[in-house]
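# Notes for the structure review
Okay, here's what each chain looks like letter by letter:
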Amino acid sequence: MRAVLVAWLGLITGGALAADLPVDKVGTVLTLPQPYPAHWVWVQDIAFEHMLDGKMILVDPRATTLREQFKGMFNSSNIAAFAQSTTRPEVYVAETFYSRGNRGQRSDVITVYDKPNLRPIAEIPLTGNKRASAMPGRHALAMSGDESLLFAYFFTPATSIGIIDVARRALVNEVSLPSCAMAYPTGKRGFSSLCANGSMVSFQLDAAGKVANTKVLDPFFDVDADALFEKPVIANGMGYFPTFNGNLQVIDLRGDHAVLGARWNLVPEAERKQNWRPGGAMLTGADDAGHLYLIMHPDGKEGTHKDGGPEVWVFDVAKQTRLQRITLKTWGLSIEATGGPEPLLLVTNAEMNIDVYDARTGKHQRTLAHFGQETPLIMHAAR
Amino acid sequence: MITNWLDAITERMTRSVAQRTSRRGFLGSVGATLIGGAALPLLPVARAGGGDGQPAPPSQDPGDPTSCDYWRNCSIDGYLCSCCGGSMNSCPPGTDMSPVTWIGTCRNPADGKDYIISYNDCCGKNSCGACFCNRNERDRPLYRPGTANDYNWCVGTKSIAYHCTVTLILGVATTPS
């Protein structure tokens, strides 16, 4: 009681000496800088245990405190697909809703969020509700080279690509795929898809979103013997597709249709005996210099292609050489490289936290944890 | 709970080392399966509603269906319905079984035969959350759906909400002559 009295007297005395704090304004909501700093990243949490309630969290991985790291977020429902515009202050989320949460009337939409406010500013109905729900990749929703169209992967299980006119906010066409999947932007207004027989098909579209021409590559890989991961990185229009066994298939996507490029073994001779292979949930990344980052694991064999790994290997794809082996602090499952001249390597680790490394030196800088993430299985460098 | 994916990976790697000798031989022999030849795309399988759902005697179907080690789980990705109020071949109450699936080819250690396993998702409720298991033998990317476990296979059901996965035997795998 005596202590309380002393504290109370102190409060009164102190209050008399110090100026009052100003009254806070009700209703202040922050906005984000435009453009986002090149090293920011979208962390996509698919909420594997409650997929209805996924989210996109915008993070500054260079910051040292949670207060500075967490920039904002929005929801993304039922394992959404995500794409970013570089010419409009917008990002896009292909998602699925039901009128009663997990039941009721289904509606698939692309929700358009504005970058400064992270508010939904438009909704594009995906008529027919065919959106693919699958473990997230970077090419289930993609922008055309000229950013006039969005390509949304549909799966019913027949596969097709929904063509969305970005300016009109409308689904304008649906292109059936001949047993193929995903949309890898190709040329000005086209896309390519990998196919079940080991081939690739390319479509180029006109301004109305109709197919102007199509080209099919002859089968060039064996899906059973050495499948291409459908999770490439595309840097400066060049697609870099690792294979299950540790090869890299380069595909030129700059023109009207896909053109096969070089294919080379990513694993130096000395390490092949240890069966080093690529693997992970989202196992690829590339920085602005075009360096390729790949999660690797030893003792690879049939079925280890999603295991992740203890190392990230960095490649100069022009010289077809390995630049670096980065030993991870904690086993990695997914990676991303940030933009800008001093890239960061971000690794979703097996504990579902995100380790931040200096991409040039491989030195671990910090671990992003406790920012509301549960299963952040894919990251997208901010654009 | 997927609080630590590493635990699941570590457990699987330990198991895989223990079984490496037999499994490697097995892997080399089943590139071609009952469903299609090596050069043909595998079609999604529609089998929900078929079969009598009666499990085989334990001696012929060995192992614990609530364990990721269970032989039928060789290409599963999700929650084991045996931990969620269902069984290895029956969905939990109130869920709907997806009529289309991906398939795996798993060896039954009791008879040494390779079986075609249909992984039907049970749908309409949030993720079960118990007994997460991810094994990827002969899993292939999304461009070959019939063997791709990365899809949410709650397709053709009233809701795409994924709950858990069952493991139905479709038959014994044979190599085309």
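This one's a predicted model, so the numbers in the text were calculated from it and none came from an experiment.

### Thoughts on the state of the cysteines
All names here are of chain B. The full count for this structure, using the stated rule, is eight disulfides over all chains. The disulfide bridge from Cys 81 ends at Cys 164, spanning 2.0 Å between sulfur atoms. Across the S-S bond of Cys 81 and Cys 164 the torsion is about 100°, and the bridge reads as right-handed. Taken as a pair, Cys 81 in the loop between strand 2 (77-79) and strand 3 (96-97) and Cys 164 in strand 7 (residues 162-172) lie far apart in primary sequence, 83 residues in all. Summarising the burial analysis for this pair, Cys 81 and Cys 164 share the class buried. One disulfide bridge connects Cys 91 with Cys 122, the sulfur atoms lying 1.9 Å from each other.

### Points about the packing of aromatic side chains
A ring pair, where both rings are aromatic, is described by two values, the distance of the centres and the angle of the planes. Using the criterion set out here, one finds 24 aromatic pairs over all chains in the structure. When the ring of Tyr79(B) is compared with that of Tyr162(B), the centres are 6.3 Å apart and the planes differ by 25°; the resulting orientation is stacked. Taken together, the residues span a long stretch of sequence, with Tyr79(B) in strand 2 and Tyr162(B) in strand 7 at a distance of 83 residues. Accessibility classification places Tyr79(B) together with Tyr162(B) in one group, the buried group. With centroids separated by 5.1 Å and ring planes inclined at 20°, the aromatic side chains of Trp102(B) and Tyr119(B) adopt a geometry described as stacked. With Trp102(B) in strand 4 (residues 100-107) and Tyr119(B) in strand 5 (residues 114-123), this pair connects stretches of sequence that are 17 residues apart. In this structure Trp102(B) comes out as buried when scored by relative accessible area, which is 0%. Taking the relative accessible area as the measure of exposure, Tyr119(B) reaches 0% and is therefore buried. Taken together, the ring pairs connect Tyr36(A), Trp40(A), Trp42(A), Phe74(A), Phe82(A) and Tyr113(A) into an aromatic cluster.

### Let's talk about the confidence of the model for chain B
All names here are of chain B. Counting all residues, the mean pLDDT for chain B is 78, and 66% of those residues have values of 70 or more. Here residues 14-43 is a poorly scored stretch, pLDDT under 50, and it has 48 contacts once near neighbours within four places are set aside; other chains count. Scoring of the predicted complex yields 0.89 for pTM and 0.93 for ipTM.

### Looking at the interface of chain B and chain A
Chain B puts 46 residues into the contact, and the matching count from chain A is 46 residues. Taking both partners together, chain B and chain A bury about 4,200 Å²; carbon and sulfur atoms supply 59% of that area. With a closest N to O distance of 2.9 Å, Lys306(A) and Asp139(B) form a salt bridge. Where chain B touches chain A, the interface holds 18 residue pairs in polar contact (both at pLDDT 80 or more).

Rules of the game
Residues numbered from 1 in each chain as written. Chains lettered and ligands numbered in written order. Predicted model: local features only at pLDDT ≥ 70, side-chain atom pairs only at ≥ 80, totals over all residues. Heavy atoms only, no water. Disulfide = S-S within 2.5 Å. Helix = DSSP H or I, 4+ residues; strand = E, 2+ residues; numbered from the N terminus. Buried < 20%, exposed > 50% of the residue type's maximum accessible area, 1.4 Å probe, protein only. Phe/Tyr/Trp six-rings, centres within 6.5 Å; stacked < 30°, edge-to-face > 60°. pLDDT = per-residue confidence, 0-100. Contact = heavy atoms within 4.5 Å. Buried area = accessible area lost by both parts, 1.4 Å probe. Salt bridge = Lys/Arg side-chain N within 4 Å of Asp/Glu carboxyl O. Polar contact = N/O pair within 3.5 Å; in protein donor to acceptor, adjacent residues only side chain to side chain.

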